[in-house]
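Single-letter residue listing:
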Amino acid sequence: MIIATFFILAILAIIIYSIFEKGVKSISWEMLTQVPQGGYYYGKGGGILNAILGSLALASGATALAFLIGLPVALYLNVFLIRHKKVINIIRFLLDLIWGIPSIVYGAFGFTLMIFFGIQTSLLAGILTVTLFILPIMIRSMDEIFSTVPIGLQEAAYSLGSNKSEIAFKIFTRQSFSGIVTAVLLSFGRGIGDAAAVLFTAGYTDHLPNGLLEPVATLPLSIFFQLSSPVPEVQNRAYASALVLTLIILLVSLFSRGLGKRYHKTKINF
Amino acid sequence: MDEKTKIEIRDLNVWAGKTQILKNINIDIPRNKITVILGPSGCGKTTLLKCLNRLTDLYPELNVNGRIMIDGSNVLDANEDIYKLRQQMGLLSQRPYPLPMTIYNNVAYALKLRGIKSRRETHKLVMHYLQQATLWDEIRGRLREPASRLSIGQQQRLCLARGLAVNPEIILADEPTSALDPISSQFIEETFVKLKNDYTIVLVTHVLRQAKRIADNVVFMYLGDVIEQGSVEEVFGNPKMERTKLYLGGTFN
């Protein structure tokens, strides 16, 4: 067990070290604030602002959409279906199953939908595909939190005459606030880091995102294109982009932890 | 139904799968009295209490049959508006469960459910119910704090204030003092005695002394059966059944 743990930690450390080591050298202000100029992928000037903004827009949009769909689903499971344990278990099982589907399959599915509806690669198509991809994560992590709401608290609220919607939106969401934040940020992290789901759906562009129906660049794909370049300097820039992506995810998780902790102090303690 | 009877329980049977938790229960609970349901742990007291406001709905494994009449409405009838019926009963559980909001809002939430919208009215009533639960003087400056910051004894009194705020006629209490220190317990007991003029109180406990101190009526239960019921003088003074005598004598718990 100790060996296994250290093995994993060592591998993680090596990945992070190599990203930092190669990334810090080639990261520059220019990279963060400019879009790629002509010939960027062969070593000319410019940056990856298109991908940074594109990824943020895409992941935020998808997270917001997945939250709007996922929250009611998770509440429905835990408040309205309380008398149907079998149905709940089947739904949970299915969600866990689709959680495990590789994101490239979502990408392919999104692509067939796009053909069907006649939409081109665009921010919108990317958002919809990533939403589908992170929905199971969003629902299941909120579901886990909701299932820990004490039955005594539910009884107390029901005994006052609350109906199920009130229990769901006033009691469950308040009691589980920090868990909901964690679920949202976890989904955001998954959404922003995935390349395969956006490969066919969001497309790629050297321009800044402008409009839902235009293609948009994303960091994971930007890393991929830079790594595929024959020029070593550009390959190093890929590591710099990876560093940016890692830092975004790091910030997001630190932020979620901070928020969770702050809320915990005012939470009910038993 | 007799004028003096507030709750009439008839042929109540509760099954959890193949185990029968309550066996053919028939009880009359008198108006404006404290009725204590007494018995060793696991005898079905809590389940009986949860049947009264149909919190049993939350437990899919329970199968409830029979009739529980409160002022002519059968609580167990699926066609009754259970959310309305529950508002006739305030609940006090073993451990306090304040709602995840401020002290003030815990009571104000109950008032809102009762249909009180005016701010001024809410203000006045929050104060009134906190006073009734003898909590007001201790927390008057802390109304905007989260309810979880109160001590456990204060939380229990807050839950009482919240329960009273829906303007019930009945108070259901499930071993409400079992998690509390002696002083907080005494507070709750004294409040119950004060409240019984206006409310019908059903108290579940396994503490004999508590039953003796505040009960008007006693229902003694054992393993899902009602063994004996009557006034406190009858049951404690002159128990008819062997089981009751043994329990009161402390031979078994």
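Everything numeric here is computed off the predicted structure, so don't read it as measured data.

Engineer: Is there a simple way to explain the overall build of chain A in this structure?
Structural biologist: Helices and strands together make up the secondary structure of chain A, namely 12 helices and 0 strands. When the helices and strands of chain A are listed from N to C terminus, the series reads α-α-α-α-α-α-α-α-α-α-α-α. Across its three principal directions, the C-alpha atoms of chain A cover 70 × 50 × 35 Å. Counting the 270 residues in chain A, one finds 39% classified as buried. Considering only residue pairs separated by 6 or more positions, chain A has 76% of its internal contacts joining residues 24 or more positions apart.

Engineer: In this structure, what is going on with the overall build of chain B? I would like to understand it.
Structural biologist: In terms of regular secondary structure, chain B is built from 10 helices and 10 strands. A compact globule built from 253 residues would reach a C-alpha radius of gyration of about 18 Å, and chain B, at 18 Å, matches this within 12%. By principal-axis analysis of the C-alpha atoms, chain B measures approximately 55 × 40 × 35 Å. Every one of the 253 residues in chain B was classed for burial, and the buried ones make up 45%. By sequence separation, contacts in chain B at least 24 residues apart represent 67% of the contacts at least 6 residues apart.

Engineer: I would appreciate a short explanation of the interface of chain A and chain B in the present structure.
Structural biologist: A common way to state how big an interface is: give the accessible area lost once the parts meet. Facing the 24 residues of chain A at the interface are 24 residues of chain B. It is helix α7 (residues 151-159) of chain A that provides the largest number of residues to the side of chain A that touches chain B, a total of 9 residues. Of the residues belonging to the side of chain A that touches chain B, the class tally is 10 nonpolar, 9 polar and 5 charged.

Engineer: Teacher, can you tell me more about the nonpolar core here?
Structural biologist: When a protein is soluble and globular, its nonpolar side chains tend to lie buried together. Counting 139 residues, the largest nonpolar core has A161(B) and V202(B) as its most contacted members. Apart from the residues lying within four places of it in its own chain, the contact partners of V202(B) are I29(B), T35(B), I37(B), L49(B), L52(B), I170(B), L172(B) and A173(B).

Engineer: Mind showing me how you'd approach the sheet that holds strand β1 (residues 5-16) of chain B here?
Structural biologist: The pairing of strands in a sheet happens through backbone hydrogen bonds and is either parallel or antiparallel. Read from one edge to the other, the open sheet built from 4 strands follows the order β2-β1-β4-β5 (chain B), with strand pairing classed as antiparallel. At either end of the open sheet lies a strand with only one pairing partner, and these are β2 (19-30) and β5 (73-74) of chain B.

Engineer: What should I look at first to understand the packing of helix α3 (residues 49-80) of chain A against helix α6 (residues 123-146) of chain A in this one?
Structural biologist: Each pair of packed helices can be summarised by the angle the axes make with each other and by the distance between the axes. Residue and element names in this part refer to chain A. Running from amino to carboxyl end, α3 crosses α6 at an angle of 40 degrees, the nearest separation of the two axes being 6 Å. With respect to α6, the element α3 is oriented oblique. For the pair α3 and α6, the crossing hand works out as right-handed.

Engineer: For this particular structure, what's the right way to read α7(A)?
Structural biologist: Think of an α-helix as 3.6 residues a turn; residues three or four steps apart then line up on the same face. Taken as a whole, α7(A) has its buried residues at L153(A), Q154(A), A156(A), A157(A), Y158(A) and S159(A). On its buried face, α7(A) sits against α8 (164-175) of chain A together with α2 (82-86), β6 (89-92) and α6 (152-165) of chain B. At the exit of α7(A) stands G161(A), carrying a positive phi of roughly 100 degrees.

Engineer: Looking at this model, I keep getting lost on the confidence of the model for chain A. Mind explaining?
Structural biologist: Interpreting fine coordinate detail is not advised for predicted regions of low pLDDT. Chain-level statistics for chain A give a pLDDT mean of 88 and a share of 96% at 70 or above. This model gives residues 265-270 of chain A a pLDDT under 50, and the stretch forms 7 contacts once residues within four places in sequence are excluded.

Engineer: Where do I start with helix α1 (residues 45-52) of chain B in this structure?
Structural biologist: All names here are of chain B. The element α1 is extensively covered by neighbouring structure, given that 7 of its 8 residues are classed as buried. For α1, every residue scored as buried is listed here: K45, T47, L48, L49, K50, C51 and L52. Just downstream of α1, R54 is the residue with a positive phi angle, here 55 degrees.

Engineer: I keep staring at the pairing of β6(B) and nothing clicks. Help me out?
Structural biologist: Consecutive residues of a regular strand have side chains that alternate between opposite faces of the sheet. All names here are of chain B. Going residue by residue along β6, you find M89 and L91 tucked away on one face and G90 and L92 tucked away on the opposite face as well. The pairing of β6 with strand β7 (residues 170-174) spans 4 bridges and is parallel. Its bridge partner lying in β7, L92 is registered against A173.

Engineer: Before we go on, may I ask you to explain the sheet that holds strand β8 (residues 200-205) of chain B in this structure?
Structural biologist: All names here are of chain B. Strand order in the open sheet made by the 6 strands is β6-β7-β8-β3-β9-β10, with mixed pairing throughout. Edge positions in the sheet fall to β6 and β10 (225-231), since each has one partner strand and no second. Across the sheet, the mean angle from the axis of one strand to that of its neighbour is 15 degrees, orientation sign disregarded. Bridge analysis of strand β3 (residues 34-38) against strand β9 (residues 217-222) gives 4 bridges, and the strand direction is parallel. The residue of β9 that forms the bridge with V36 is V218. Across the face of the sheet, α6 comes into contact with β6 and β7 while running at roughly 170 degrees to β6.

Engineer: Can you help me understand the confidence of the model for chain B in this one?
Structural biologist: When pLDDT is averaged along chain B, the result is 90, and 98% of the positions lie at 70 or above. Across the whole predicted complex the pTM is 0.85, and at the interface the ipTM reaches 0.90.

Engineer: How should I be thinking about the pairing of β9(B) in this particular structure?
Structural biologist: All names here are of chain B. Judged by how many residues are buried, β9 sits mostly within the fold: 6 of 6 residues are covered. Side chains N217, V219 and M221 project from β9 onto one buried face, and the interleaved V218, F220 and Y222 project onto a second face that is buried too. Once β9 ends, the chain turns through 2 residues before running back antiparallel as β10, passing L223 with a positive phi of about 50 degrees.

Quick notes on the rules
The residue count restarts for each chain, going from 1 along the sequence in the order it is written. Numbering of ligands from 1 and lettering of chains from A proceed in the order in which they are written. For this predicted model, a pLDDT threshold of at least 70 governs which residues receive local features, and a threshold of 80 or more governs which side-chain atom pairs are given and counted, while totals over whole chains, interfaces and linings are taken from all residues. Runs of E in the DSSP output that reach at least two residues are strands. Runs of H or I that reach at least four are helices, and both are numbered from the N terminus. Exposed residues have 12 or fewer other C-beta atoms within 10 Å of their own C-beta, buried residues have 20 or more, and partly exposed residues fall in between, where C-beta atoms are placed from the backbone. Whether two residues are in contact depends on their C-beta atoms, placed from the backbone: they are in contact if these lie within 7 Å. The globule rule is 2.2 Å times the number of residues to the power 0.38, and the radius of gyration it is compared with is taken over C-alpha atoms. Amino acid classes used here: Ala, Val, Leu, Ile, Met, Phe, Trp, Tyr, Cys and Pro are nonpolar; Asp, Glu, Lys and Arg are charged; the rest, including Gly, are polar. Joined through C-beta atoms within 7 Å, a set of buried Ala, Val, Leu, Ile, Met, Phe, Trp, Tyr and Cys residues constitutes a nonpolar core. Strand pairing requires that DSSP identify at least two bridges connecting the strands. Geometry is summarised by axes, namely lines fitted to C-alpha atoms with helices restricted to the contacting stretch, and by angles between N-to-C directions that run from 0 to 180 degrees. An angle below 35 degrees is read as roughly parallel, one above 145 as roughly antiparallel, one from 65 to 115 as roughly perpendicular, and any other as oblique. Crossing handedness is read from the near helix: turned anticlockwise from the far helix by less than a right angle, it gives a left-handed crossing, and turned clockwise, a right-handed one. Along the chain, pLDDT gives the predictor's confidence residue by residue, from 0 to 100.

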